[in-house]
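One-letter residues, chain by chain:
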Amino acid sequence: MPTLYIDGEWVAAQGGGTRDITCPADGVVVRTVDEATAVDTERAIAAARRAFDDGRWSERPVTERAALVQRVADLLERDAAEIARTEALDTGKRLVEAEYDVADVVRCFRYFAGLGVAGGTGGRVVDTGNPSAISRIDLLPAGVCALITPWNYPLLQASWKVAPALVAGCTFVLKPSELTPGTAIHLMSLLEEAGLPAGVANLILGAGATAGAPLAVDPRVDLVSFTGGLVTGRAIMASAAATVKRVALELGGKNPNIVFADADFDAALDNALTAVFLHSGQVCSAGARLIVEESIHDAFVDALVRRAERITLGGPFDPDAETGPLISEAHRSKVQAYVDAAVAEGAVLRCGGRPPDDPRLAAGTYFLPTVLDRCHTRMTCVQDESFGPVLTVETFRTEDEAVELGNDTYYGLAGAVWTNDGSRAERVAGALRHGTVWINDYHPYLPQAEWGGFGQSGVGRELGPTGLAEYQEPKHTYRNIRPGVSGWFRETDRRGADQ
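Before going into details, it helps to say that this report is about the structure given with it. Here the structure is a predicted model, which means the values were calculated and not measured. (Residues numbered from 1 in each chain as written. Predicted model: local features only at pLDDT ≥ 70, side-chain atom pairs only at ≥ 80, totals over all residues. Heavy atoms only, no water.)

### Digging into the overall build of the protein
Inclusion rule: To qualify as a helix, a DSSP run of H or I must reach at least 4 residues; to qualify as a strand, a run of E must reach at least 2; elements of each kind are numbered from the N terminus. Only the C-alpha atoms count toward the radius of gyration. The rule for a globule is 2.2 Å times the residue count to the power 0.38. We call two residues contacting when some pair of their heavy atoms lies within 4.5 Å. Here, Shrake-Rupley sampling with a 1.4 Å probe gives the accessible areas, and only protein chains in the shown set may cover a residue. By the counting rule applied here, Lys and Arg register as positive and Asp and Glu as negative, while His and the ends of each chain are not counted. Throughout, a charge is located at the NZ atom of Lys, the CZ atom of Arg, the CG atom of Asp or the CD atom of Glu.
When helices and strands are counted, the protein shows 15 helices and 20 strands. Against the globule reference of 23 Å for 499 residues, the protein gives a C-alpha radius of gyration of 25 Å, in line with a compact fold. Excluding contacts between residues fewer than 6 apart, the proportion of contacts in the protein whose partners are at least 24 apart in sequence is 73%. Total accessible area on the protein is roughly 20500 Å²; 51% of this is exposed by carbon and sulfur atoms. Averaged over its 46 positive side-chain charges, the protein has a centre that lies 6 Å from the centre of its 66 negative ones.

### Concerning helix 1 (residues 38-53)
Threshold: Under the convention used throughout, the expected extent of a helix is 1.5 Å for every residue step, that is, one less than its residue count. The cut-offs for exposure are 20% and 50% of the maximum accessible area for each residue type, with area from a 1.4 Å probe on protein chains only; residues under the lower value are buried, those over the upper are exposed, and the others partly exposed.
The end-to-end C-alpha distance of helix 1 is 22 Å, a good match for the 22 Å that 16 residues give at a rise of 1.5 Å each. The set of residues buried in helix 1 consists of D40, T41, A44, I45, A46, A47, A48, R49, A51 and F52. As for helix 1, its buried residues are in contact with strand 1 (4-6), strand 6 (133-141), strand 7 (144-148), strand 8 (171-175), strand 9 (201-203) and helix 7 (208-217). Remark: G55 follows helix 1 within two positions and exhibits a positive phi of approximately 75°.

### A closer look at a nonpolar patch on the surface
What counts is decided by this rule: Patches draw on residues past 30% relative accessible area with no salt bridge. Two like charges within 9 Å are joined, as are two nonpolar side chains (Val, Leu, Ile, Met, Phe, Trp, Tyr) within 5 Å. Salt bridges are defined as contacts in which a side-chain nitrogen from Lys or Arg sits within 4 Å of a carboxyl oxygen from Asp or Glu.
Residues V125, I134 and I481 make up a contiguous nonpolar surface patch of roughly 260 Å² in combined accessible area. Within the secondary structure, I134 sits in strand 6.

### Things to note about the pattern of salt bridges
Tallying each qualifying case throughout the model produces 31 salt bridges. Across the pair E462 and K161 runs a salt bridge whose closest N-O atoms are separated by 3.0 Å. Here the residue E462 occupies a position in the loop between strand 19 (458-459) and helix 15 (464-469), and K161 occupies one in helix 5 (residues 154-168), the gap between them amounting to 301 residues. Across the pair, K161 and E462 agree in class, each one buried. The residue D262 makes a salt bridge to R424 at a minimum N-O spacing of 3.4 Å. Here D262 is found in the loop between strand 12 (256-259) and helix 9 (265-277), whereas its partner R424 is found in helix 14 (residues 422-431), with 162 residues between them in sequence.

### Concerning the layout of surface pockets
The cut-off we apply is this: Definitions used throughout: a 1 Å grid over protein atoms alone; a cavity as a set of points that fits a 1.4 Å probe which cannot get out; a pocket as an open set with protein on both sides within 12 Å along at least five of seven lines; a lining residue as one with an atom within 4 Å of a point. Grid points are joined across faces, edges and corners, and a volume is the space filled by probe spheres set on the points. Amino acid classes used here: Ala, Val, Leu, Ile, Met, Phe, Trp, Tyr, Cys and Pro are nonpolar; Asp, Glu, Lys and Arg are charged; the rest, including Gly, are polar.
Its volume calculated, the second largest pocket comes out at about 300 Å³. Along its surface, the second largest pocket is lined by R94, E97, D270, L273, T274, F277, L278, R307, R310, I311, E322 and T323. If you tally residues by element for the lining of the second largest pocket, the top one is helix 9, at four residues. Here the lining of the second largest pocket is built from residues that sort into four nonpolar, two polar and six charged.

### Here we look at the state of the cysteines
For the record, the criterion: Two cysteine sulfurs form what is called a disulfide whenever their separation falls within 2.5 Å.
Per the stated rule, a full pass over the model turns up zero disulfides. Among the cysteines around C170, which has no disulfide bond, C145 carries the closest sulfur, lying 3.8 Å off. Judged by relative accessible area, which is 0%, C170 ranks as buried. Of all cysteine sulfurs in the structure, the one in C375 sits closest to C351, which takes part in no disulfide; the separation is 12 Å. For C351, a relative accessible area of 5% corresponds to the buried category.

### Examining the sheet that holds strand 16 (residues 390-396)
As a reminder, the rule being used: For two strands to pair, DSSP has to find at least two bridges joining them. To get an axis, fit a line to the C-alpha atoms, keeping to the stretch in contact for a helix; angles then go from 0 to 180 degrees between the N-to-C directions.
Across the sheet, which stays open at both edges, the seven strands sit in the order 14-15-16-13-12-17-18 with mixed pairing between neighbours. Sheet topology places strand 14 (348-351) and strand 18 (436-439) at the edges, where each strand pairs with a single neighbour. On average, each strand axis in the sheet is tilted by 20° relative to the strand beside it, whichever way the strands run. As paired elements, strand 15 (residues 370-373) and strand 16 share three bridges and run parallel to each other.

### What to know about the packing of helix 2 (residues 62-78) against helix 4 (residues 95-117)
Put simply, the test is: Should an angle fall under 35 degrees it is taken as roughly parallel, and over 145 as roughly antiparallel, whereas 65 to 115 is taken as roughly perpendicular and any remaining angle as oblique. Crossing handedness follows the turn of the near helix against the far one: under a right angle anticlockwise gives a left-handed crossing, and clockwise gives a right-handed one.
Orientation of helix 2 relative to helix 4, taken along the N-to-C sense of each, is 165°, at an axis distance of 8 Å. When the interaxial angle is binned, helix 2 and helix 4 end up roughly antiparallel. Considering how the two elements wind past one another, helix 2 and helix 4 form a crossing that is left-handed. Residues V62, A66, V69, Q70, V72, A73, D74, L76 and E77 of helix 2 lie in contact with helix 4, whose contacting residues are V102, V105, V106, F109, R110, A113, G116 and V117. Of the residues assigned to the contact of helix 2 with helix 4, the class counts are 12 nonpolar, two polar and three charged.

### Points about the pairing of strand 11 (residues 246-250)
Filter applied, for reference: Consider the strands pointing away from the viewer: the crossover is right-handed when the path from the first strand over the helix to the second runs clockwise.
As judged from the five bridges shared by strand 10 (residues 223-227) and strand 11, these two strands associate in the parallel manner. Its bridge partner being in strand 11, S225 is matched across the sheet by A248. Handedness of the strand 10-helix 8 (residues 230-241)-strand 11 crossover: right-handed. Strand direction decides the pairing type here: strand 11 and strand 19, joined by two bridges, are antiparallel.

### Topic: the sheet that holds strand 5 (residues 124-126)
One open sheet accounts for three strands, arranged 5-6-20; its pairing is antiparallel. Of all strands in the sheet, those with a lone pairing partner are strand 5 and strand 20 (472-480), marking the two edges. The sheet shows a mean angle of 25° between the axes of neighbouring strands, direction not considered. Relative to strand 6, strand 5 runs antiparallel, the two being bridged by three bridges. Counted as the bridge partner of V126 is S135 from strand 6.

### Points about the environment of D270
With respect to the element layout, D270 can be found in helix 9. Separated by 33 residues in sequence, D270 and A303 place their C-alpha atoms 9.8 Å apart.

### Quick look at the nonpolar core
The test is simple: Think of a nonpolar core as a cluster: buried Ala, Val, Leu, Ile, Met, Phe, Trp, Tyr and Cys residues, connected wherever their side-chain atoms sit within 4.5 Å.
Within the largest apolar cluster, 121 residues are counted, with the highest numbers of intra-cluster contacts made by L76, F109, F172 and F300. Among all residues touching F172, those that are not within four sequence positions of it are A48, C145, L147, V162, L166, M188, L191, V200, A201 and N202. Among the nonpolar cores identified, the runner-up in size contains 13 residues, and V335, C375, C381 and V390 belong to it.

### Looking at the packing of aromatic side chains
Under the convention used in this document: Centres within 6.5 Å are what make two rings of Phe, Tyr or Trp a pair, Trp counting through its six-membered ring; a difference in plane orientation under 30 degrees is then read as stacked, over 60 as edge-to-face, and the rest as tilted.
Under the definition given, this model contains 10 aromatic pairs. Aromatic side chains W438 and Y442 sit 4.6 Å apart centroid to centroid with 45° between the ring planes, which places their arrangement in the tilted category. One exposure class covers both W438 and Y442, and it is buried. Between W438 and W451, the aromatic rings sit 6.3 Å apart at their centres with planes inclined by 40°, giving tilted as the arrangement. Note that W438 is positioned in strand 18 and W451 in the loop between strand 18 and strand 19, a separation of 13 residues in sequence. For the pair W438 and W451, one class covers both residues: buried.

In structure tokens:
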């Protein structure tokens with residue numbers, strides 16, 4: 001079956017190219033998909049443009065749009081087991097993690113559907129101070145949207161874009177990572193089943209340099225929403241500037257996890273492991289910087305290393321596995337180079353730092369949970385994102401120093417503070433320049449709470465009411481209900497003659 005979805009039809013790539021998708025856990029081919037080129041992408045853009053301009057979706061009442069999004073949530077829930085298995089095979093993550101992800105996807109679709117029904121797409125009336133004038137702000141759909149999503153949470157990241165775009169009345173071209181397209185294909189089939197008009201949703205598969213590049217430069221695209229790496233995000237922003245289109249970027253982070261000496265030791269320790277080693281660190285908000293009070297450094301890091309060394313690696317369906325492989329051999333090589341460079345900089349390797357020796361894991365792209373101790377902010381390993389199971393450890397003595405270290409990054413996505421002092425918790429959380437800050441926890445997020453970062457973690461927000469607003473354009477309409485002559489210019493010349 002063809003795997004590109006353009007203008008309501010499943011089609012093959014015009015150039016006939018295909019790509020094998022392999023499971024990172026064992027290298028086995030799980031599916032073969034079409035590999036699009038710029039020609040296919042331009043066809044998809046044209047379809048989305050036509051569908052928006054003729055109003056087949058944008059002119060429907062928001063209640064109808066929201067009802068369809070709710071129907072998609074029902075279908076996702078129906079197919080949850082199949083979707084989770086597809087996600088696990090594409091990414092190599094544990095099946096239980098994929099199941100959590102699909103449940104989050106359903107919640108996301110339901111949230112935005114509810115927001116639409118509750119009037120989240122409505123405007124407001126402005127007080128003009130003039131009884132003869134009515135002024136209103138309408139929230140209109142942004143138009144044709146390019147939605148470019150990453151490989152670590154393929155369907156979840158797509159849902160953060162697709163659901164609000166549909167509720168807002170936009171049309172779109174979805175371009176998932178070429179490494180993990182399986183659940184995006186399934187999502188398109190559910191949109192079709194739910195009755196979405198042809199051309200509103202389009203799916204392009206392929207490499208960013210070929211299939212994705214036209215999305216940022218084409219003048220028919222009104223908005224680009226991208227989640228991924230900083231380098232690609234900068235390139236998209238630069239390309240989009242030529243047509244001054246709207247851009248929303250979520251570009252990762254180097255996230256501080258600050259632990260004070262008075263924190264609940266066991267809770268902080270356990271969550272420090274989850275913060276960085278969940279999904280083998282392939283999480284944009286991973287707590288990859290442990291910033292621990294100096295007085296408890298030795299006890300805390302020693303205990304953390306012991307726990308990290310016991311983490312069990314394995315594939316999606318291994319009941320004993322606690323975390324899985326990295327996405328590809330190329331990515332594992334990057335993580336290895338990152339660790340080697342950190343040691344060369346002076347970091348102390350406490351555990352991991354290499355692929356496992358276990359022959360059962362030899363066919364996969366696994367990497368041992370790694371702890372790099374005695375780090376400082378001038379080190380590249382502290383500033384740059386590894387996007388792997390690598391934790392750097394820094395120490396502090398005072399509250400002010402902890403805040404200074406936590407903010408010493410050009411990113412600003414997320415962070416956490418652990419302390420039993422409620423006042424200190426609020427002070428530190430308030431001072432951290434990050435889009436999400438957890439107090440005595442790590443990783444939970446809510447569909448109704450905005451997600452995004454400061455600094456080079458990106459621009460714009462996903463989720464929450466602002467996540468819907470990203471796909472809307474405010475429009476001001478001013479109406480004079482008692483029109484009359486303004487009297488600004490004379491009706492006669494200086495001699496009194498009519499003009």
